[in-house]
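Listed here are the chains, written in short residue letters.
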Amino acid sequence: MGYITEQCKQRVIDAADVHGVISDFIQLHKKGAGFWACCPFHGEKSPSFYVNPARNRFHCFGCGEGGDAVAFLMKHQNMTFQQAIEWLARKYNIEVRYESKEQSQQERDDAKHRESLFFAVAEVQKFFIECFNSDAPDAVAARKYAYNRWGEDFCKEYGIGYAPKGSAAFFDFIKRKQINEDYLIELGYIGVNEADKSRYAMFRDRVTIPIYNRWFKVCAFTGRYNGANPDIGKYMNSRTSPIFKKEECVFGLPDAIKMARITKQFILVEGGPDVLRLQSIGITQAVGALGTAWGEKHFKQLHSVCNSVCFIPDSEKPKGNSQFGAGFNAVFRAG
Ligand SMILES: [Zn+2]
């Protein structure tokens with residue numbers, strides 16, 4: 001016994017089918033493209049608990065609970081992450097591999113630190129969603145933009161949020177929740193003014209798109225500026241941190257894997273918003289790079305799922321596949 005290997009965790013998560021798992025516990029009813037039930041996490045009489053087979057995730061439109069099969073087992077069956085992986089491995093006949101190596105003190109400290117950062121990001125996500133749903137005029141404008149682009153249900157399911165214009169509300173929230181500001185500085189949600197050491201919210205007046213890691217945890221955000229100042233950059237991503245490597249991130253990948261396996265192809269577009277546009281209309285196998293050119297590290301992650309990609313360039317930019325370089329050839333043409 002010991003720790004389940006990373007490779008094994010990934011195999012189990014990739015194999016887990018959210019509909020198949022939830023059906024073991026709850027009776028689901030097919031309606032449209034998905035399945036519905038009364039939510040097991042909050043009391044209700046009409047179903048708002050939704051299982052989306054294309055994205056391989058569940059979401060409750062009533063209480064906001066959501067995630068993948070692992071998240072469901074952890075919440076519904078009170079399992080730990082490791083127990084959920086072991087349960088799924090049995091269900092899908094996958095051999096669980098453990099590594100017996102003792103973690104050093106440094107590794108344990110690093111893991112604990114990453115957990116704290118994930119917790120802080122989860123709180124930031126709650127704040128952005130709270131603001132997105134508020135009656136403030138800038139929030140109304142943000143909702144209008146987001147609903148127009150991706151549809152209301154999709155925004156709710158995906159966890160689209162909004163970072164308000166000023167910094168005050170963010171600092172009120174941090175204080176209320178007693179979140180350690182050092183974590184938020186490290187993650188790039190709080191900026192510190194060099195001259196007077198004053199602190200400010202980095203994401204302001206932006207529609208926020210959560211970035212999920214392979215374990216369906218929010219690890220970062222893309223923010224789309226919703227104001228009128230032409231000097232402010234339209235898009236902004238969270239900075240690289242111990243829980244987020246921007247240059248390796250394939251945006252949308254956790255949602256895209258299931259469909260890419262079926263269609264045997266990923267669709268590559270430029271940037272998170274375009275990925276969501278396609279995923280929101282059922283082209284779930286769409287993925288994007290975040291403000292960087294596609295590189296070998298991106299392609300390796302795609303190649304482990306299937307060996308074909310279709311690139312749709314941004315219509316506002318010159319045509320061509322200049323984004324495909326040595327990285328693509330190294331991964332896809334080599335084998
Ligand atoms: Zn619910």
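Residues numbered from 1 in each chain as written. Predicted model: local features only at pLDDT ≥ 70, side-chain atom pairs only at ≥ 80, totals over all residues. Heavy atoms only, no water.

One non-glycine residue, Gln178, lies in positive phi territory at about 55 degrees. With respect to the secondary-structure elements, Gln178 resides in the loop between α8 (168–177) and α9 (181–187). Backbone geometry places Asp205, a non-glycine residue, at a positive phi of 50 degrees. If you trace the backbone, Asp205 turns up in the loop between β10 (199–201) and β11 (206–212). (Helix = DSSP H or I, 4+ residues; strand = E, 2+ residues; numbered from the N terminus.)

What follows covers empty space enclosed by the protein. Tallying each qualifying case throughout the model produces 1 cavity of 30 Å³ or more. For the largest cavity, the calculated volume is near 140 Å³. Around the largest cavity, the lining residues are Ile13, Asp14, Ala16, Asn56, Asp68, Ala69, Val70, Arg214, Phe216, Pro254, Ile257 and Lys258. Where the lining of the largest cavity is concerned, the elements lending two or more residues are α1 (6–15), α3 (69–76) and α10 (253–263). Residues of the lining of the largest cavity, tallied by class, amount to 7 nonpolar, 1 polar and 4 charged. (1 Å grid on protein atoms, 1.4 Å probe; cavity = no way out; pocket = protein on both sides within 12 Å on 5 of 7 lines; lining within 4 Å. Points joined across faces, edges and corners; volume = space filled by probe spheres on them. Nonpolar A, V, L, I, M, F, W, Y, C, P; charged D, E, K, R; others polar.)

Following the criterion strictly, the structure yields 24 aromatic pairs and no others. Ring centres of Phe170 and Phe171 lie 6.1 Å apart, and the angle between their planes is 70 degrees; this geometry places the pair in the edge-to-face category. Of the residues examined, Phe170 reaches a relative accessible area of 5% and is grouped as buried. Phe171 sits in the buried class, given a relative accessible area of 18%. Aromatic ring contacts, followed pair by pair, group Phe127, Phe128, Phe170, Phe171, Phe173, Tyr189, Phe203 and Phe221 into a single cluster. The residue whose ring lies beneath Lys31 is Trp36, and the NZ or CZ to ring-centre distance is 5.3 Å. Above the face of the Tyr212 ring, Arg57 is positioned so that its terminal group lies 4.2 Å from the ring centre. (Phe/Tyr/Trp six-rings, centres within 6.5 Å; stacked < 30°, edge-to-face > 60°. Buried < 20%, exposed > 50% of the residue type's maximum accessible area, 1.4 Å probe, protein only. Lys NZ or Arg CZ within 6 Å of the ring centre and 35° of its normal.)

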